[in-house]
Amino acid sequence: MVENQFTEKQYLGLNKMSFFRRMALSIFCFLAYYWSENHDKSGDLFFFLGISILVISALLVFVLHFETRIIKDSIILDGLWTSRKIKIDINSLQSTEVVKYSRFFLNRSVYNLHFKGSIRFFTRGKFAVKLTDKDGQVYLIGSQKVEELDRIIQNKLNNK
């Protein structure tokens, strides 16, 4: 049996940017319901739309965006439903470091985004593990457990 040395699951509903956007939209719906003078069909529509946005937001907390696993000498990033599985060989890595993911307060969820010379995987948090392989390819993997992820990868790099 294959042993997991690190596992982390990140869920879509916990992303700050998406959460604030959904809450602002639901608040707008409730305000439109409150200020509508005609409480017949159109006012009720805003109320039910606001409630449905809140319910969808609550359900998104249980929707897996991606899972990060370290098995033997590989980092496996398994995405949402139809996303393809990404496997990074730890033996091909040159360096690893903990970096701040972005200077922005709100960041959108990404999976396998090729942007500015790096491949990004992020759901929530402030920090990421920056991996550089021997070909110069940079991977940014956002995590809630960056210190643990970095420590495990560093140990594997030092034991090569």
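Note that the structure is a prediction, hence the values are computed from the model and not measured. (Residues numbered from 1 in each chain as written. Predicted model: local features only at pLDDT ≥ 70, side-chain atom pairs only at ≥ 80, totals over all residues. Heavy atoms only, no water.)

(A) Spatial organisation of the overall build of the chain. A count of helices and strands for the chain gives three helices and nine strands. The order of helices and strands in the chain, counted from the N terminus, is β-α-α-β-β-β-β-β-β-β-β-α. Taken over C-alpha atoms, the radius of gyration comes to 20 Å for the chain, far larger than the 15 Å a tight globule of 160 residues would show. Taken over the C-alpha atoms alone, the chain extends approximately 70 × 35 × 25 Å along its principal axes. Out of the 160 residues belonging to the chain, those deemed buried represent 42%. Partitioning the contacts of the chain with sequence separation of at least 6, the portion at a separation of at least 24 is 60%. For the chain, the accessible surface area stands at approximately 10,000 Å², while carbon and sulfur atoms represent 58% of it. When the 23 basic and 15 acidic side-chain charges of the chain are each reduced to a single mean position, those positions are 3 Å apart. (Helix = DSSP H or I, 4+ residues; strand = E, 2+ residues; numbered from the N terminus. Rg over C-alpha atoms; globule rule 2.2 N^0.38 Å. Buried < 20%, exposed > 50% of the residue type's maximum accessible area, 1.4 Å probe, protein only. Contact = heavy atoms within 4.5 Å. Areas by Shrake-Rupley, 256 points an atom, 1.4 Å probe, with all protein chains shown as cover. Lys, Arg positive; Asp, Glu negative; His and termini not counted. Charge placed at Lys NZ, Arg CZ, Asp CG, Glu CD.)

(B) Focus on the confidence of the model for the chain. Averaged over the chain, the pLDDT score is 85; the fraction of residues at 70 or greater is 92%. Of all helices and strands in the chain, the one with the weakest mean pLDDT is strand β6 (residues 110-115) (78), whereas strand β8 (residues 127-133) scores best (91). (pLDDT = per-residue confidence, 0-100.)

(C) View of the environment of Asn107. Note on placement: Asn107 falls in the loop between β5 (93-100) and β6. Taking the relative accessible area as the measure of exposure, Asn107 reaches 12% and is therefore buried. Along the sequence, Asn107 and Ser18 sit 89 residues apart, while their C-alpha atoms lie 8.7 Å from each other. In contact with Asn107, not counting residues within four places along its chain, are Asn15, Met17, Tyr101, Ser102 and Phe122.

(D) A look at the pattern of salt bridges. Using the criterion set out here, one finds one salt bridge in the structure. Here Lys156 ties to Asp73 by a salt bridge, and the two come within 3.8 Å at their closest N and O atoms. With Lys156 in helix α3 (residues 146-158) and Asp73 in the loop between β2 (64-71) and β3 (74-79), this residue pair connects regions lying 83 residues apart in the sequence. Here Lys156 falls in the buried class, since its relative accessible area comes to 16%. With relative accessibility at 35%, the residue Asp73 sits in the partly exposed group. (Salt bridge = Lys/Arg side-chain N within 4 Å of Asp/Glu carboxyl O.)

(E) Focus on a nonpolar patch on the surface. A cluster of nonpolar residues, Ile27, Leu31, Tyr34 and Trp35, forms a patch on the protein surface that exposes about 510 Å² of accessible area. Within the secondary structure, Tyr34 sits in helix α1 (residues 16-35). On the accessibility criterion, Tyr34 (61% relative accessible area) is exposed. (Patch = residues over 30% accessible without salt bridge, like charges linked within 9 Å, V, L, I, M, F, W, Y side chains within 5 Å.)

(F) Quick peek at the nonpolar core. With 21 residues, the main nonpolar core has Ile75, Leu77, Phe121 and Ile153 as its most contacted residues. Sorting the residues of this core by element identifies β2, β3, β4 (86-89), β7 (118-122), β8, β9 (138-142) and α3 as the ones contributing at least two each. At five residues, α3 tops the list of elements feeding residues into this core. Not counting the four nearest positions on each side in its chain, Ile75 is found in contact with Thr68, Arg69, Ile70, Ile86, Lys87, Ile88, Ile90, Leu93, Leu131, Ile141 and Ile153. Grouped together as the second largest cluster of nonpolar side chains are six residues, Tyr101, Val110, Phe122 and Ala128 included. (Core = buried A, V, L, I, M, F, W, Y, C linked by side-chain atoms within 4.5 Å.)

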